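Coordinate analysis (summary)
These are the residues of each chain, in order.
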Number of protein chains: 2
Amino acid sequence: MTEDLPSPALLPSGLTDLLPPEAAREAALVEAMHAVFAAHGYERVKPPLLEFEDSLLAGSGAAVADQTFRLMDPDSHRMLGLRADTTPQVARIAATRLGAVPRPLRLSYSGQVLRVRGTQLAPQRQIPQVGIELIGADSAEADAEVALLGVEALAAAGIAAPSLDITLPTMAPALLDAAGVEGDLRRKLARALDRKDAAAVTELAAIAGPPAVGLTGLLTAAGPADGALAALTAADLPPAARAIADNAAAIVAAIRARAPGLRITLDPVEFRGLHYHVGVAFTLYGPGNTGELARGGRYMSGEEPATGMTLYPDVVGRAVAAPPQPPRVFIPRGADAAAAAALRAQGFITLAALSDSDTPQSLRCSHILRGTVAAPIEENA
Amino acid sequence: MTEDLPSPALLPSGLTDLLPPEAAREAALVEAMHAVFAAHGYERVKPPLLEFEDSLLAGSGAAVADQTFRLMDPDSHRMLGLRADTTPQVARIAATRLGAVPRPLRLSYSGQVLRVRGTQLAPQRQIPQVGIELIGADSAEADAEVALLGVEALAAAGIAAPSLDITLPTMAPALLDAAGVEGDLRRKLARALDRKDAAAVTELAAIAGPPAVGLTGLLTAAGPADGALAALTAADLPPAARAIADNAAAIVAAIRARAPGLRITLDPVEFRGLHYHVGVAFTLYGPGNTGELARGGRYMSGEEPATGMTLYPDVVGRAVAAPPQPPRVFIPRGADAAAAAALRAQGFITLAALSDSDTPQSLRCSHILRGTVAAPIEENA
């Protein structure tokens, strides 16, 4: 190897190896989440990693178009995209191959997505995802089911008390529309809302006039859902905004009916996040400073109303304690194979000596097969 | 959508959607295989899908260089490869980040690989793989462990009686080397061996002289391992070929000691397959016409001797009977959530009605929650 070649350990930025035991752990978390989804009737699909870019970037896929790796297909001579999101692929499957299946359609998926660029906060360019899509249902119960399944999947993965953050990304635009705020003033107001700069919002909303004036009150109403919903009830809202508020109240009520102990916050005028959300948007957090464990919300799956949730098993894995590893048992050469198999059936990991240079220490074993039992190895033996 | 756009159902050739229930089934098979590997001390790693092409195509990766999708990384301005094989990545991890871990190193992996072109027999361009690599051991016991683990993983996946096909890809080259066969004659002999054309091999080997003359006998010796090993023992082999035959006999003996009932065939002069094999090569089949379920063999992992096995969960999934699906239970609106949860804990799938238009039929349910039990729905109810 010549000196100007990079070290073989050097991976492109944002692309990493998962080593033992983290790789096994992430896979176990993915399957634990899928088990929850499957028990609620969500059926797994597996779209390919590569698709024609025009189908991959259609619909909600447009939101990640500038984050999608593209490459030429030598077979079709057409451009392919390496998926940056799985939801558009599930929408394609729902609309075509599963188009004749009665609605609502409950689908789940998992796999890797790739992004051209990481961000400072999220430098990873390969992101593992597990997700569900509930397609063809537009009721508050549908949104509640998806939110609660995210919570249940996180609980199954070991997150003790997830909390649910609800935002209403269409609320601020509805208020600005009703006030007839356009152009530069609208952009400034949007930026002020984005920064949660109450003083600037108050000042700009005063210029915009009612009903934009209500934005300040809704901005400061963000917090525990009950208080935020009370503020929405008390607010003087134009009809479109009132419908959004009523829908939020119905969704919170449907969630509360199933999970009275769940911590729910509501931020009525927050509207960051994925641009394709047409109703509520969800973010799930764990206790402490876990970061976002899952995101979701209501969107259009092609022509159909849908709600989805994407969970991030890598972030979840960092947020929960690692389970203990089973003991590793050294199997000397010539030992009884049936005894080793019996130990594996009991949950032990067995490591067979393959040559005389293999020792319990070199194979990192805490136990050794003696007769038919796994005997602990003395520290100083 | 204008008419000259392709149908959204149209995927690039060799790239497909896995639908319910196949996607869940493939995932379950992958985890069943990993459970076998983990019980024998194989620890999971997860390399990224994209790497710098010069590290991805180093070593054994060169064998798939012309099958590797390449794309420009806008971050590093260097070429990336989308992996066409996982073994070179595991070799990189073993040599670098796990370089200080005592040998032998037992690693496992799973994930997708992508190929620029499919073949007529194998049109898929995205191939799911599950694999193991045993790195830093060069004994017959090491080869036997990997072969037997492939068999055990297939058995765990539901393949009743896998059979093991062993080839010795270095045998024919060793005989041709010993005979000093070069150039055009060597190429013709190689082609005749590849076609298993005994008449042509006999004719060409006669020109080449001994020990190439032995090729005809070894070609026809292919079959059950015992007969093929007897033919190798009886053959007049030059030293390098004799060492290869002795090694094959030791590996078969080590496998037989653990799996006396396993059907083993041996083809001494077959040398197709991956070019990087430096010792025995393995192929695993199921009963009937399953196709290749797994391939493996001995290779160099960087500077270290290694044996590996790659299993194909998609092919395995088509070779085994689908497990029965749990019954789907319709949960009427307002039903007791705890009763539905109890059914899920019993293994039922529950589907919640989200609106009055949801019916047991529309949600494809065979049962309905009545009180606390799942009651079967009458066909004509």
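As a starting point, this report considers the structure included with it.

Conventions adopted
For every chain, the first residue of the written sequence is number 1, and numbering continues from 1 onward in sequence order. Chains carry letters and ligands carry numbers; both start at the beginning, A for chains and 1 for ligands, and go up in the order they are written. Confidence filtering applies because this is a predicted model: local features only for residues at pLDDT of at least 70, side-chain atom pairs given and counted only at 80 or more, and all residues used for totals across whole chains, interfaces and linings. Each side-chain value is derived from all of the structure's non-hydrogen atoms; neither hydrogens nor water enter the calculation. When the copies are overlaid, the least-squares fit takes in C-alpha atoms only where the residue has pLDDT of at least 70 in both copies. Contacts are assigned to residue pairs that have any heavy atoms within 4.5 Å of one another. A pair of strands is considered paired only if DSSP assigns at least 2 bridges between the two. Numbering of helices and strands starts at the N terminus; helices are DSSP runs of H or I of at least 4 residues and strands are runs of E of at least 2. Axes here refer to lines fitted to C-alpha atoms; in helices the fit is confined to the stretch in contact. Angles between the N-to-C directions go from 0 to 180 degrees. Two parts placed together each lose some accessible area under a 1.4 Å probe, and the buried area is that loss summed for both. Every case where a carboxyl oxygen of Asp or Glu lies within 4 Å of a side-chain nitrogen of Lys or Arg is listed as a salt bridge. In the analysis that follows, any N or O atom pair within 3.5 Å is treated as a polar contact, provided that within protein one partner can donate a hydrogen and the other can accept it, and provided that, for residues neighboring in sequence, both atoms belong to side chains. Polar here means any residue outside two lists: the nonpolar Ala, Val, Leu, Ile, Met, Phe, Trp, Tyr, Cys and Pro, and the charged Asp, Glu, Lys and Arg; Gly therefore counts as polar. Only protein chains enter the calculation, and the probe is 1.4 Å; a residue is then buried if its accessible area is under 20% of its type maximum, exposed if over 50%, and partly exposed in between. Along the arc lie the directions from the helix axis toward the C-beta atoms.

**Focus on the relation of the copies chain A and chain B**
Mapping chain A onto chain B is achieved by rotating through 180 degrees and translating by 0.0 Å along the same axis, at an RMSD of 0.0 Å. These values place the two chain copies in the arrangement generated by a two-fold rotation axis. Across chain A, the smallest distance between a C-alpha and the rotation axis is recorded for leucine 71 of chain A, namely 3.0 Å. Taken together, the interface assignments show that 100% of the residues at the interface of chain A recur at the interface of chain B, consistent with an identical surface on both copies.

**Some words on the sheet that holds strand β6 (residues 126-135) of chain B**
All names here are of chain B. The strand order across the open sheet built from 9 strands is β1-β5-β6-β12-β11-β10-β7-β9-β8, with neighbouring strands paired in mixed fashion. Strands with a single pairing partner mark the edges of an open sheet, and in this sheet they are β1 (43-44) and β8 (223-224). Direction of pairing for β1 relative to strand β5 (residues 105-114): parallel, over a ladder of 2 bridges. Each bridged residue has a counterpart across the sheet, and for glutamate 43 the counterpart in β5 is leucine 107. Most of the contacts of helix α1 (residues 22-39) go to β6, to which it runs at about 0 degrees, and overall it touches β1, β5, β6 and β12 (304-311).

**Re the interface of chain A and chain B**
Contact residues are listed per partner, giving 84 residues for chain A and 84 residues for chain B. Around 7100 Å² of area is buried between chain A and chain B when both sides are counted, 60% of it from carbon and sulfur atoms. Taken as a group, Asp17, Lys46 and Leu354 of chain A account for 10% of the area that chain A buries against chain B, more than any other trio of residues on that side. Put simply, chain A and chain B have 12 salt bridges between them. The partner of glutamate 141 of chain B in a salt bridge is arginine 333 of chain A, and the shortest N-O contact between them spans 2.9 Å. Applying the counting rule to chain A against chain B returns 28 residue pairs in polar contact (both at pLDDT 80 or more). No other element matches helix α1 (residues 22-39) of chain A, which puts 7 residues into the side of chain A that touches chain B. The residue inventory of the side of chain A that touches chain B, partitioned by class, reads 47 nonpolar, 10 polar and 27 charged.

**Quick word on helix α9 (residues 225-234) of chain A**
Residues and elements named next belong to chain A. When α9 is considered as a whole, its buried residues turn out to be Ala225, Ala228, Leu229 and Leu232. Along the axis of α9, the buried positions cluster into a sector of 100 degrees, meaning they face one direction only. When the buried face of α9 is taken as reference, the exposed residues oriented beyond 90 degrees from it are Asp226 and Ala234. Those residues of α9 hidden inside the fold are in contact with α5 (171-178), α8 (214-220), β8 (223-224), α10 (239-258) and β9 (263-267).

Everything listed here is a matter of coordinates, which is why it stays silent on function.
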